Structures are given as structure tokens and as C-alpha cells.
Amino acid sequence: MDQADAQARLQALRREIADHDYRYYVQDAPSIPDAEYDRLIEELQALEAEYPQLVTPDSPSQRVGGTPSAAFTPVRHMVPMLSLANAFDDEAVRDFGRRVRELAGEAAVDYHCEPKFDGLAISLLYRQGVLVRAATRGDGSTGEDVTANVRTIACVPLRLRGDAPAVLEVRGEVYMPREGFLRLNAEQAARGDKPFVNPRNAAAGSLRQLDPRITASRPLRFYCHGYGQVEGTLPDRHGDVLSALELLGLPVCPQRRRVADIDACLAYYAELGARRAELPYDIDGVVYKVDRLDLQRRLGFVARAPRWALAHKFPAEEAVTVLENIEVQIGRTGAVTPVARLAPVFVGGVTVTNATLHNEDELRRKDVRVGDSVVVRRAGDVIPEVVRVVTERRPVDARVFEMPAQCPVCGSDIVRLDGEAVSRCSGGLHCPAQVKAGIAHFASRRAMDIDGLGDKLIEQLVDRGLVRDVADIYTLDAATVAGLERMAEKSAANLVAAIEASKQVTLARFVFALGIPQVGEEIARILADHFHSLGAIRSADWAALAQEKKEIQKENTKRRGRKEPLAPVPLPGIGEHIITSLSTFFGDGRNESVIERLLEHGITLETPAPEPADSTLAGKTFVITGTFSRSREELTAALQQRGARVTGSVSRNTDFVAVGDNPGSKADKAAQLGIATLDEAGLMAILEVPDSR
Ligand code: D41
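Novice: So what exactly am I meant to see when it comes to the overall build of the protein chain here?
Specialist: From N to C terminus, the protein chain includes 24 helices and 28 strands. Based on the C-alpha atoms only, the size of the protein chain along its principal axes is roughly 105 × 60 × 50 Å. Buried residues in the protein chain amount to 46% of all 693 residues. Here the protein chain has roughly 34400 Å² of accessible surface; of this, 51% comes from carbon and sulfur atoms. Between the centroid of the 86 positive side chains of the protein chain and the centroid of its 98 negative side chains there is a distance of 4 Å.

Novice: In this structure, what is going on with the packing of aromatic side chains? I would like to understand it.
Specialist: One pass over the structure, following the stated rule, counts 13 aromatic pairs. Taking 5.4 Å as the distance between ring centres and 25° as the angle between the ring planes, the aromatic pair formed by Phe 117 and Tyr 175 counts as stacked. A residue pair is termed long-range when its members are at least 10 positions apart, and Phe 117 in strand β3 (residues 111-117) and Tyr 175 in strand β7 (residues 167-175) qualify at 58 residues. The burial state of Phe 117 is the same as that of Tyr 175; both residues are buried. With 5.9 Å between their ring centres and 80° between their planes, Tyr 223 and Tyr 281 make a pair best called edge-to-face. With Tyr 223 in strand β8 (residues 221-231) and Tyr 281 in the loop between α9 (262-275) and β10 (283-290), this residue pair connects regions lying 58 residues apart in the sequence. A single burial state applies to Tyr 223 and to Tyr 281, both of which are buried.

Novice: How should the sheet that holds strand β5 (residues 130-136) be read in this particular structure?
Specialist: In any sheet, the strands associate via hydrogen bonds between backbone groups, in a parallel or an antiparallel arrangement. If you walk across this open sheet you meet the four strands as β5-β4-β7-β8, and the pairing is antiparallel. Each end of this open sheet is capped by a strand with a single partner; those strands are β5 and β8. In this sheet, adjacent strand axes meet at a mean angle of 25° when their direction is disregarded. Taken together, the eight bridges between β7 and β8 define a ladder with antiparallel strand orientation.

Novice: Can you help me understand the sheet that holds strand β27 (residues 656-659) in this one?
Specialist: The parallel open sheet is built from four strands, whose spatial order is β26-β25-β27-β28. The sheet is open, and its two edges are formed by β26 (645-647) and β28 (676-678), each paired on a single side. Neighbour to neighbour, the strand axes of the sheet diverge by 30° on average, direction disregarded. Strand direction decides the pairing type here: strand β25 (residues 621-625) and β26, joined by three bridges, are parallel. Within β26, the residue paired with Phe 622 across the bridge is Val 646. Relative to β25, helix α23 (residues 665-673) is tilted by about 135°, and along the sheet it contacts β25, β27 and β28. Across the sheet, helix α24 (residues 680-687) is in contact with β25, β27 and β28; its angle to β28 comes to roughly 95°.

Novice: In this structure, what is going on with the pattern of salt bridges? I would like to understand it.
Specialist: Oppositely charged side chains can pair when the atoms bearing their charge come close. Overall, the coordinates contain 54 salt bridges when judged by the stated rule. One salt bridge connects Glu 278 with Arg 275, and the closest N-O pair in it is separated by 3.9 Å. Here Asp 367 and Arg 394 are joined by a salt bridge, their closest N and O atoms 3.2 Å apart. Taken as a pair, Asp 367 in the loop between α11 (360-366) and β17 (369-370) and Arg 394 in the loop between β19 (385-389) and β20 (399-400) lie far apart in primary sequence, 27 residues in all. Take Asp 367: its relative accessible area is 30%, and that puts it in the partly exposed class. Three or more residues joined by partner-sharing salt bridges are found here, namely Asp 110, Arg 237, Asp 240, Arg 258 and Asp 291.

Reading guide: rules and limits
- Residues numbered from 1 in each chain as written.
- Predicted model: local features only at pLDDT ≥ 70, side-chain atom pairs only at ≥ 80, totals over all residues.
- Heavy atoms only, no water.
- Helix = DSSP H or I, 4+ residues; strand = E, 2+ residues; numbered from the N terminus.
- Buried < 20%, exposed > 50% of the residue type's maximum accessible area, 1.4 Å probe, protein only.
- Areas by Shrake-Rupley, 256 points an atom, 1.4 Å probe, with all protein chains shown as cover.
- Lys, Arg positive; Asp, Glu negative; His and termini not counted.
- Charge placed at Lys NZ, Arg CZ, Asp CG, Glu CD.
- Phe/Tyr/Trp six-rings, centres within 6.5 Å; stacked < 30°, edge-to-face > 60°.
- Pairing = 2+ DSSP bridges.
- Axes fitted to C-alpha atoms, helices over the stretch in contact; angles between N-to-C directions.
- Contact = heavy atoms within 4.5 Å.
- Salt bridge = Lys/Arg side-chain N within 4 Å of Asp/Glu carboxyl O.

Structure, rendered in C-alpha cells:
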């Protein structure tokens, strides 16, 4: 590259960086991830180092941050708010350690380690212990007055405790805990407002509200990590200063720690990195600071960053890549999910080639087009998602995606019901994609747990017509399975054994495995605990149940007004939508016949005895024979709730045999063995004995 090329590139870089700065600092709407921005800065710095004669006073390298928004009064910081030098690997951290030892002229230097909050830097000014001003960092010298807004943050003290210095400028970070962020976004969505991209943006947007009442409604928090101007005395170590600030009533992060050397800094980094997901707030790295303040003074600063501090960043979990295509995936309930096919990109430790676009509305909201450069995020082990488009990089021929009108797998119409975000393939069980997804769900670990029945195998089984529904799984034999591609005899035998083993299953898992829309693991468990048997679930009167719930809820609304104790609502957590879904599912003859066939193949449902509601019948064994006005399942459940055991056959260990109309041989056996029998009235009397506890 010659000087003219370098000049042109520098100009382009400065423009791009200035654009991003503006979006990031002024509009609070970053258009590229920090890691990508950092790369631009690095390129700029490297090029300027090579061509120092090309450095201009307006270069982003010559200043920190952007211009304050005109709507807030500018505030000059008494002591400038410096920036932090960044390190992205261990080597850079060790270099820092070496430099510090050399410049400080010390053999050993201890450090203070703290999380690097992903929030918004602010400065609080306390005079005589009273909060008089709060300002954003701005460009480091001049920020914006946000006092009215900061006053609304509950954890910021309006008056300090104890003996406060006459003047104290406190520096720290305003942030939004993840939980509050999720709640805020749910509220935004419910109101039809735009959700925030991440907690950092939500915190920035909340703090830069002209109406402090809006700020007050946002779940903001503050931690302090330093100080500016001080008139008064403070301890002589950074860690002790923070402890002193804590005593003054200021929130200080509990994860901070003093360590003896750079190795211990790196260990802290690894430890906090591993615990990152458990923390209630987002952090993007850790910060190391020379602990002794006299050494800090000796080290001083270069440009606008102190030589005694270093931010060690975590690897980026967002990256930019090109979206090459958008395809749709059909789920087991027919839900159509648009999926982005991406140019491979390394994010959060893995190479990502697909990312979800969630649904049509999300895709429209983000205005994602084929050919766009997009920001991809991968958080922990969740499915990667497309966060946003880098609009400045949109090619002229970027193509708008149209939701297909027909299912690409079965050709049935794709329909979207009013008020629903998802579009669905209307093909139902005719759609091989839905059938395959349903079988995969049925076999999955948390459902029937059929080890070895993976997607590839399901694909073959369905395509060859060997399996059309989940009941067909139980018709497979080793010879058939061994005939499939990539199936050794041994794995075929293993699969058949796993299928056989899956026949013993709890009622909750089985209900979950059925893949009833809206019925996840938790709901399946509530249903199993309430009904105790598949028979009771299949024959439940869903309409009556919904009606009953509604009446009790109405009654409870009245009682709440009168401040009276509330009546227990049956099936808590199971709302109208779920009940409708259950009613539709069990009302469909095709589902009923699949369940029948599953039972014929020998599926045996275990119903672990629920925790007895009381123990009046503890240790007593009952057998029920004949018909009663209440169903067998209901009676069993009622007996179990009082601690009784209910078995299927009469023996010497049986305490009572309940004999209804048209009893079978069990009544004769009871008479033979001299076991007490109960008629319906007698059984009801036993069940109504009040709990003596
Ligand atoms: O948690 C943070 N984001 C954080 C930011 C921190 N823990 N310490 C910091 N220390 C400084 C110095 C060393 C310059 C006083 C910082 C920042 N600065 C900082 N925040 C935003 C720009 C600079």
C-alpha cells in the first residue's frame, strides 16, 4: 500500500468510525458489534502508526467518544473521565504486567480485579454528602447532565452515610440487570413498542430520557468503580477506596478482588468468564487496576488512558457475516420458522452457518434481506440468532424475503391466524416435515428417551414409509432397521432395545412426548399430577374444566376486593389456550387412534404416587372393583391423596376392597379371604374423614 492508498483508506475508516460513533454515542443505536468496531479502530491505529504524517486532529484516534446530544445541558467533569486500554489475549495482559513493573520500579505489584460492566459510564458529584449532579461520560471531558434521571435510580444514594468528604466525584457504571431487561422488553412488546437490542442499549436509552418518570420506571442499577475529584481523605489503595465508598452507602460490586500478580489476574479472568452466565448482569470482560494509588500516580497515563489499568475483554459473542439465503423450517406443530443461511462465521467459540429469524414479524421488524451483512449473536448454548442488519453495507441488489404461500415440503397452504405471530403449514399429519419433527420430539431425551433414534434415521424411516406416526416406531424390528443406510447390525439391535426400554415411561413424560401444542414438560407434569392416569386425561371434560376455572377466578376477584382468603384454582398454570389445545388434541380421532396403538404395543405408564395431601389412610391398601358414580381414576387419586395404596389384585395384604355395581371376581376373593369390603357410601365416608393432623 502506498501513501495515496493509505490516505484513501484512512479517510474511509474515519468516516465509518465517525458514523458508528454517532450511532453509538449520540443515538444509542449501535449498528455493528463492539468487536467489529474495535477492529476498525485497530486498523486505523496501525495505519496511523505506519504513516504518522497522515494523522489529523479530527481523527477518531485523537479523541474519545462523541458529541453530547443537544437536549441535555453539557457538564464539564472536574477530573476528566479517562478511557481504558483493551487487551484481547493473555499475552497483552502479561505485556501490561511487565510494563507496570518496569515503570513503577517495583519487583512485585498487586492488582485489583473487577468485572467490566457492560453499561454506561457516569460521574456522580456529592457535595457535603449530598448528590448535586450526575453526568454521562460524553467525550471524557464534557458529558451531559442527567441528574434528574439518575436520582430515580434506587441504588444511587441521594445522601451519603457517615463522614463524607466535602467534595466527592464518584465514577461508575449504570446498567440494567438481565432479568429487568427481559421484563422491560416483554412490556415493550405488549405495548407494541420496539424492544431494546441488549441490556446496555436499554440502560443507555433509559438514562437519556428527557422525562425522568420514564427513567424511574426502568430497572436501572449502578455500581461504582472509581472516583474523580476528592476534597477529603481516602485510603491509599484502590480496593480500600471502594470499600470506603461502600461504607458511604455506594453500591460496589461484590465480585471484586485484590490479587498478588498477573497470573492471579488471569485466573480471575478465567473464573469470572466461567461464571459469566450466572451473573445477573452482562459483563464484557474484566478490569485490572494497580491497587496502590502511589504507584498509579507514578505510572500516569498515555493519551487518555491510564497506564495502571487494563480492560481484558471476553471473546466477542456477536459477529458480522453475510446472509446468503433465507429458508423456512417446518416444526412439529407446522410452525414455519425462517432460518438464515450464513457465510460461516466464528461466534462465541463455534462456527455458525445457520441462525434463526424467529418469525415473519421479527424478520420484517429487523428488515433482513438476502445479501445483507448481519450481526449474528450466539449466547451460551442457545440457537444463534440474527440480531440486526448492518444497513450501511446493504448491497443494491439485496432481496426482500417473501414468506412462501405453500409448504415447501408437502405443498399445503401456509396460513397465519389473526393475532398469531407464527405462520403454520396446514398439512398436519400429511406433511412429512411435521411428522418427522413430531417423531424426533417423541424420541427425544426428555420425552420417551429413545437413544439412537436421531434425525437422519427418522428421515429414512419416514421417507421409506416404514414409520408414519409415533406408534409405528414400536413395529420396527432389528432386521428392518439393519437394512437402512449407515446402520450396522449392532446399532440396529441397540436401537430396538432402546425402543423396547422406552415402553416403561412416566405419565408426565408420555404426555410431553405426544407433542400437544403448548404442552411442554412443566404442563405435562401438572396434568399428570392432577389426573394421575392417561384415561382420566383422555376422558376429561375440558370445557367444564375451563368453565370451573373461570368461575373460581371470578369468585376470587370478588374475594380479593373483600380481602378474603382465595379459593384454590384447579390446574394452576394451565390457561384457556392450553385447555383449548388439549381439547382439540384429544378430540381428534387420529390422535386417539395413535394413542390406542401405542398402548396396544405395550406402553406402560407409571404414575408415581403423588405427595399425599394428608395421611389419614397411610399404610392402607385398597382394591377397587365394579363401577361407581365417580371414575376409577378419580377414586384412586382421592385415596392416594390420603396416603393409601391402590393395587389391582386382592391379596392378604389388602385392607379394603371397594365393591361397586357389577363387581368382578375380586369381590369373591375378598369374601374368601375375609377382607373388609366397602360400598360406594362406605368409600365416600372414608374419603370424607377429616384430616386429624
Ligand atoms: O466496569 C466498567 N465498565 C469499568 C469501566 C470499570 N470497572 N473500571 C473502569 N475504570 C476506568 C478507569 C481506570 C479509567 C478509571 C472503567 C472505566 N475507566 C471506563 N468506563 C468507560 C470508559 C472508561
